[in-house]
Protein chains: 2
Amino acid sequence: MTVSITDVARAAGVSASTVSRALRGQPGVSDEVRAQITAVAAQLGYTASRSASSLASGRTYTIGVVVPYIGRWFFGTVLDAAEKVFSAAGYDVLLYNLNSPEARKRFFTKLPVRKRVDAVLSLLIPDLDEESALRSLGVPLATTVGGPRDGFTVVGIDDHSGATSAVRHLVNLGHRRIGMISGASEPLHWTTPIDRRQAYLDVLAEAGIAHEPALEADGGYTVDGGERAMTELLAVSRPPTAVFAQSDEMAMGALRALRRHRLKVPDDVSVVGFDDHELAEVIGLTTVAQPVPEQGAEAARLLLRRLEEPDAEPVGQVRMPIRLVLRETTAPPSPHRSS
Amino acid sequence: MTVSITDVARAAGVSASTVSRALRGQPGVSDEVRAQITAVAAQLGYTASRSASSLASGRTYTIGVVVPYIGRWFFGTVLDAAEKVFSAAGYDVLLYNLNSPEARKRFFTKLPVRKRVDAVLSLLIPDLDEESALRSLGVPLATTVGGPRDGFTVVGIDDHSGATSAVRHLVNLGHRRIGMISGASEPLHWTTPIDRRQAYLDVLAEAGIAHEPALEADGGYTVDGGERAMTELLAVSRPPTAVFAQSDEMAMGALRALRRHRLKVPDDVSVVGFDDHELAEVIGLTTVAQPVPEQGAEAARLLLRRLEEPDAEPVGQVRMPIRLVLRETTAPPSPHRSS
DNA sequence: CTGTTAGCGCGTTCAT
DNA sequence: ATGAACGCGCTAACAG
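Residues numbered from 1 in each chain as written. Chains lettered and ligands numbered in written order. Predicted model: local features only at pLDDT ≥ 70, side-chain atom pairs only at ≥ 80, totals over all residues. Heavy atoms only, no water.

Participant: Honestly, the overall build of chain A in this entry has me stumped. Any pointers?
Facilitator: Along chain A, the regular secondary structure elements total 13 helices and twelve strands. In terms of C-alpha radius of gyration, chain A reaches 26 Å, well past the compact-globule figure of 20 Å for 339 residues. With the principal axes as the frame, chain A shows a C-alpha extent of 90 × 40 × 35 Å. A total of 339 residues make up chain A; the buried ones form 56% of that total. Within chain A, contacts between residues separated by at least 24 positions form 70% of all contacts whose residues are at least 6 apart in sequence. Element-wise, carbon and sulfur atoms account for 52% of the exposed surface of chain A, whose accessible area totals about 14,100 Å². Between the mean site of the 36 positive side-chain charges and the mean site of the 40 negative ones, chain A shows a separation of 3 Å. (Helix = DSSP H or I, 4+ residues; strand = E, 2+ residues; numbered from the N terminus. Rg over C-alpha atoms; globule rule 2.2 N^0.38 Å. Buried < 20%, exposed > 50% of the residue type's maximum accessible area, 1.4 Å probe, protein only. Contact = heavy atoms within 4.5 Å. Areas by Shrake-Rupley, 256 points an atom, 1.4 Å probe, with all protein chains shown as cover. Lys, Arg positive; Asp, Glu negative; His and termini not counted. Charge placed at Lys NZ, Arg CZ, Asp CG, Glu CD.)

Take a look at the structure:
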């Protein structure tokens, strides 16, 4: 039925070991024999069984990638870029989509990647237990978000400085009542929302603006959540004239809420997002751009390097550049609304 | 180092086969022995090596999923839903992201899934050669787009009727000059753009409107392409008063082009999309909604059923319902512009 | 109900 | 440069 290495060996008139060596480009095979074997293998449509070869060699040539939710643009884009790097290097990708607490728990207790992968790239932030579960795999690890963590190569951005530039932009335009839509509800070990919030607080303080807790609302990193959060912010006694959303998706939700309230953007309310989502430009959203595919690609490359050069000192953390992109959702506050 | 089945067997004072049987829930093991083995295995942190077990059993408990481009919302969403079904059933997902001609070619010539998966779900439309390459794997196959194909379970929508409702909507509003932004440039075996275009032609004919080739433009299924296509359509001598975009992403590009031309939507030009993209509602885009995650989940379920009941007659094709969602980008043509 | 015996298909010695 | 023998960790068939 399926053609095995001995079939090729027989057809080529050599031994199985020679076929193995020839096909993997190892030395110790004469050029003519190698060419012959390659031809026979191609003709028979032979592919080595990954199961058998990894059982024999210990190498799986497979990378486990853990994602919190593929459907979200950010993760899809990172994954896309990372997969490209892995597959170009001859590695397969085993995908684990942990978008529910059950899926997440099942993954970390059963650890189906054990003995199945050469390395793990996690796009979700593991908590302390999950972190040590991953470490117990004994393979190189990488993450694309959050702060530095033991044993992991972390590729990310400087959230604080990104958020700083967003909020400062609003301050510079003359806004004094600046709201924030955050996404802090989730795991505690995720520093991103914390850093971005801290930047918000820091810029307000630096501008001499008193912080009002009522101007903060949680949008849970979704469009719908952003809409709800904006609605909340519009319900306070003196609503903000500008809003910093910690993600573009929440910013888009905010825009929808504003439209429903018949408020003009940016005339009545300015909005800044974070990410530079693929559709941010379509909408004309001012935002903080981060290099999303680049982060995935870089994390993948660093992981592969750790596999290829096990003895080299692993890279602990990489910070990618961010930049503010000015578009059409921010403007100075209109005179009759500013304080 | 890593704990194997014999370690567990020794620690539990039984043979390896008993451990194997006990852990896989097979009959022929007394309850007490099974409980004992389970406990020992848990304590040792034992997980069976997938490589070894699939080599021995022939089953891999892995599904290969082929995607043209994960970053695109549609595919990300389908994949998300499918993965959920697979992992809940105890299957792992091997992901192949074929977003470049080279990646695609490499995949279909080397077929890295050979002997590695129990089934394949392809979200891209294979051409005839690719189709037979997949069939040569000898495993159940499924697709989530396109027409029926031999040996594949196809889960999709009725593209013709979806597009019909979109174009008819424009006709009913009173439009006579209706443009189309298509995405036909890619593989020939993909029936979606063909069906949607045919519907466009049919509705025009049925309404007694002459077809003008100049009112069709290619948007390549991307936002940028949609923008270029719309720009082309605006450059013809008598531009359309309404446009049917074959995907929401192209419709969004069209909206951007219209805004750059200072044209009002829907006052000057109406736009209908196709898909009901996550952000379509944010933008207020009128569109044809298709059940995206449902298609992925259903395809996954049908594939698993074929694995579990190999003798049952496989389902050939499933058509999911579509519906027109009216929002804010369509309206009757304004008097001074309509013909 | 349990243990023994054989492979699954390859990579890897060690000879030659 | 090539082949023979062994083992990776597990499951399956056969005994008992």
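Participant: Sorry, what's going on with the domain arrangement of chain A here?
Facilitator: Interfaces are often sized by the accessible area lost when the parts come together. Domain annotation of chain A identifies domain 1 (5-57), domain 2 (62-157 + 294-308) and domain 3 (159-289 + 324-337). The C-alpha-based centres of domain 1 of chain A and domain 3 of chain A are spaced at 60 Å. (Domains from an automatic or database assignment.)

Participant: What is the right way to look at the relation of the copies chain B and chain A in this model?
Facilitator: The relation between the two copies of this chain is a rotation about an axis and a shift parallel to it. The transformation that overlays chain B on chain A combines an axial shift of 0.1 Å with a rotation of 180 degrees, and the residual RMSD is 0.3 Å. Here the transformation between the copies is reduced to the relation of a two-fold axis. Most of the interface of chain B is mirrored in chain A: 100% of its interface residues are interface residues there too. (Least-squares fit on C-alpha atoms with pLDDT ≥ 70 in both.)

Participant: I would appreciate a short explanation of the protein's contact with DNA strand D in the present structure.
Facilitator: The environment of DNA strand D is formed by 26 residues, the closest being A:Ser15, A:Ser30, B:Ile5, B:Ser20 and B:Tyr46. Here A:Thr18 contributes a side-chain N or O atom positioned 2.8 Å from a phosphate oxygen of DNA strand D. At 3.3 Å from a base nitrogen of DNA strand D is found a main-chain nitrogen or oxygen belonging to B:Ala52. At four residues, helix H4 (residues 50-57) of chain B tops the list of elements feeding residues into the surface near DNA strand D. Taken together, the residues that form the surface near DNA strand D break down as ten nonpolar, twelve polar and four charged. (Near = heavy atom within 4 Å. Polar contact = N/O pair within 3.5 Å; in protein donor to acceptor, adjacent residues only side chain to side chain. Nonpolar A, V, L, I, M, F, W, Y, C, P; charged D, E, K, R; others polar.)

Participant: For this particular structure, what's the right way to read the packing of helix H1 (residues 5-12) of chain A against helix H3 (residues 31-44) of chain A?
Facilitator: Packed helices, taken two at a time, are described by the angle their axes make and the gap between the axes. All names here are of chain A. At their nearest, the axes of H1 and H3 sit 9 Å apart, and the two run at 125 degrees to each other. As the angle between them shows, H1 and H3 are arranged oblique. The way H1 lies across H3 gives a crossing that is right-handed. Residues Asp7, Val8, Ala11 and Ala12 of H1 form the contact with H3, whose participating residues are Gln36, Ile37, Val40, Ala41 and Leu44. For the contact of H1 with H3, the residue count by class is seven nonpolar, one polar and one charged. (Axes fitted to C-alpha atoms, helices over the stretch in contact; angles between N-to-C directions. Parallel < 35°, antiparallel > 145°, perpendicular 65-115°, else oblique. Left-handed = near helix turned anticlockwise from the far one by under 90°.)

Participant: Please explain the protein's contact with DNA strand C as it appears in this structure.
Facilitator: Taken together, 27 residues sit near DNA strand C, with A:Ile5, A:Ser20, B:Ser17, B:Thr18 and B:Ser30 positioned nearest. A:Ser20 is positioned with one of its side-chain polar atoms (N or O) 2.6 Å from a phosphate oxygen of DNA strand C. Residue B:Ser30 places a main-chain N or O atom 2.7 Å away from a phosphate oxygen belonging to DNA strand C. Elements represented by at least two residues in the surface near DNA strand C include exactly helix H2 (16-23) and helix H4 (50-57) of chain A together with helix H2 (16-23) and H4 of chain B. Examining the composition of the surface near DNA strand C, we find that five residues originate from one element, H4(A), more than from any other. For the surface near DNA strand C, the residue count by class is eleven nonpolar, twelve polar and four charged.

Participant: Got a minute to help me understand helix H11 (residues 248-260) of chain A in this structure?
Facilitator: Think of an α-helix as 3.6 residues a turn; residues three or four steps apart then line up on the same face. All names here are of chain A. Between the first and last C-alpha of H11 there are 18 Å, a value that for 13 residues agrees with the 18 Å anticipated at 1.5 Å per step. In terms of residue burial, H11 counts as a mostly covered element, since eleven of its 13 residues are buried. One or two positions beyond H11, positive phi appears at Arg262, with a value near 60 degrees. (Expected span 1.5 Å × (residues − 1).)

Participant: Would you take a moment to explain the sheet that holds strand S11 (residues 317-320) of chain B for this structure?
Facilitator: Paired through backbone hydrogen bonds, the strands of a sheet run either parallel or antiparallel to each other. The strand order across the open sheet built from twelve strands is S11(A)-S5(A)-S4(A)-S3(A)-S1(A)-S2(A)-S2(B)-S1(B)-S3(B)-S4(B)-S5(B)-S11(B), with neighbouring strands paired in mixed fashion. Looking along the sheet, the strands with just one partner apiece sit at the ends: strand S11 (317-320) of chain A together with S11 of chain B. Looking at each pair of strands side by side, their axes are set apart by 20 degrees on average, direction ignored. Relative to strand S2 (residues 92-97) of chain A, strand S1 (residues 62-67) of chain A runs parallel, the two being bridged by six bridges. Its bridge partner being in S2(A), A:Ile63 is matched across the sheet by A:Val93. (Pairing = 2+ DSSP bridges.)

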